[in-house]
Amino acid sequence: MASEQSIQQEIRIACSRGQARLFRNNTGTLRDQHGRPVQFGLCKGSADLIGWRTITITPEMVGQQVAVFASIEVKTPSGRLRPEQQQWLDAVQAAGGIAGVARSLCIADRTRYACNATSRLDCI
């Protein structure tokens, strides 16, 4: 079984070849040289991959494009979402963004995530 890290890397690279740009969002806390905790990443529960997908909008604005926020939580086939991760995905979707869970590049390709990178034979 592929690791979450390898699934995530495959999705990030493939999806970023098209109209999307995805970036790794590491989150956590480290101590600085004085022992003070420093948090990094968006927030607890935020997805592994974040970025945008460029979308051409309605006929009255033909030719203009907007970037829609995208957030993909990557899990192995047996991985489970923590409650704060589900809350993050729900919040992104409620705000009009693209958000979901991907367990493979094939799943990212088949959904309305940020991808649509390729039609891969090994996804069938």
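To be clear, the structure that these remarks concern was listed above.
Throughout what follows, the structure given in this document is the object of discussion. (Residues numbered from 1 in each chain as written. Predicted model: local features only at pLDDT ≥ 70, side-chain atom pairs only at ≥ 80, totals over all residues. Heavy atoms only, no water.)

## Points about the overall build of the protein chain
When helices and strands are counted, the protein chain shows three helices and six strands. For the protein chain, the α and β elements follow one another from N to C terminus as α-β-β-β-β-β-α-β-α. Relative to its full complement of 124 residues, the protein chain shows a buried share of 35%. For the protein chain, long-range pairs separated by at least 24 residues make up 51% of all intrachain contacts whose partners lie at least 6 apart in sequence. Of the roughly 7800 Å² of accessible surface on the protein chain, a fraction of 53% belongs to carbon and sulfur atoms. (Helix = DSSP H or I, 4+ residues; strand = E, 2+ residues; numbered from the N terminus. Buried < 20%, exposed > 50% of the residue type's maximum accessible area, 1.4 Å probe, protein only. Contact = heavy atoms within 4.5 Å. Areas by Shrake-Rupley, 256 points an atom, 1.4 Å probe, with all protein chains shown as cover.)

## Considering helix 2 (residues 83-94)
Here helix 2 is 12 residues long and its end C-alpha atoms lie 16 Å apart, about the 16 Å a rise of 1.5 Å per residue gives. Burial in helix 2 covers these residues: Gln85, Trp88, Leu89 and Val92. All buried residues of helix 2 fall inside an arc of 95° around its axis, so they share one side. Along helix 2, the residues that are exposed and aim more than 90 degrees away from the buried face are Pro83, Gln87 and Ala94. Contact partners of the buried residues in helix 2: strand 5 (65-74) and strand 6 (98-102). (Expected span 1.5 Å × (residues − 1). Arc of directions from axis to C-beta.)

## Thoughts on the sheet that holds strand 5
Here we have four strands laid out as an open sheet, ordered 1-4-5-6, and mixed in their pairing. Both outer strands of the open sheet, strand 1 (20-24) and strand 6, are each paired with one neighbouring strand and no more. Put simply, the sheet's adjacent strands are angled 25° from each other on average, direction ignored. In this sheet, strand 6 lies alongside strand 5 in parallel orientation, the contact comprising five bridges. (Pairing = 2+ DSSP bridges. Axes fitted to C-alpha atoms, helices over the stretch in contact; angles between N-to-C directions.)

## Observations concerning the pairing of strand 6
Judged by how many residues are buried, strand 6 sits mostly within the fold: five of five residues are covered. Every second residue of strand 6 is oriented toward a common face, with Ile98, Gly100 and Ala102 on one face and Ala99 and Val101 on the other, all of them buried. Tracing the backbone out of strand 5, into helix 2 and back to the parallel element strand 6 gives a crossover that is right-handed. (Right-handed = clockwise from strand over helix to strand, strands pointing away.)

## Considerations on the nonpolar core
With 13 residues, the main nonpolar core has Ile11, Cys15, Leu22, Leu49, Ile72, Val74 and Leu105 as its most contacted residues. Elements with a contribution of two residues or more to this core: helix 1 (4-15), strand 5 and strand 6. Within the second largest apolar cluster, six residues are counted, among which are Ala47, Trp88, Leu89 and Ala99. (Core = buried A, V, L, I, M, F, W, Y, C linked by side-chain atoms within 4.5 Å.)

## Observations regarding the pattern of salt bridges
Taken as a whole and judged by the stated rule, the model has four salt bridges. Residues Asp32 and Arg36 are paired through a salt bridge, measuring 3.2 Å at the closest nitrogen-oxygen approach. Two residues, Glu73 and Lys75, come together in a salt bridge whose shortest N-O distance is 3.8 Å. For the pair Glu73 and Lys75, one class covers both residues: buried. (Salt bridge = Lys/Arg side-chain N within 4 Å of Asp/Glu carboxyl O.)

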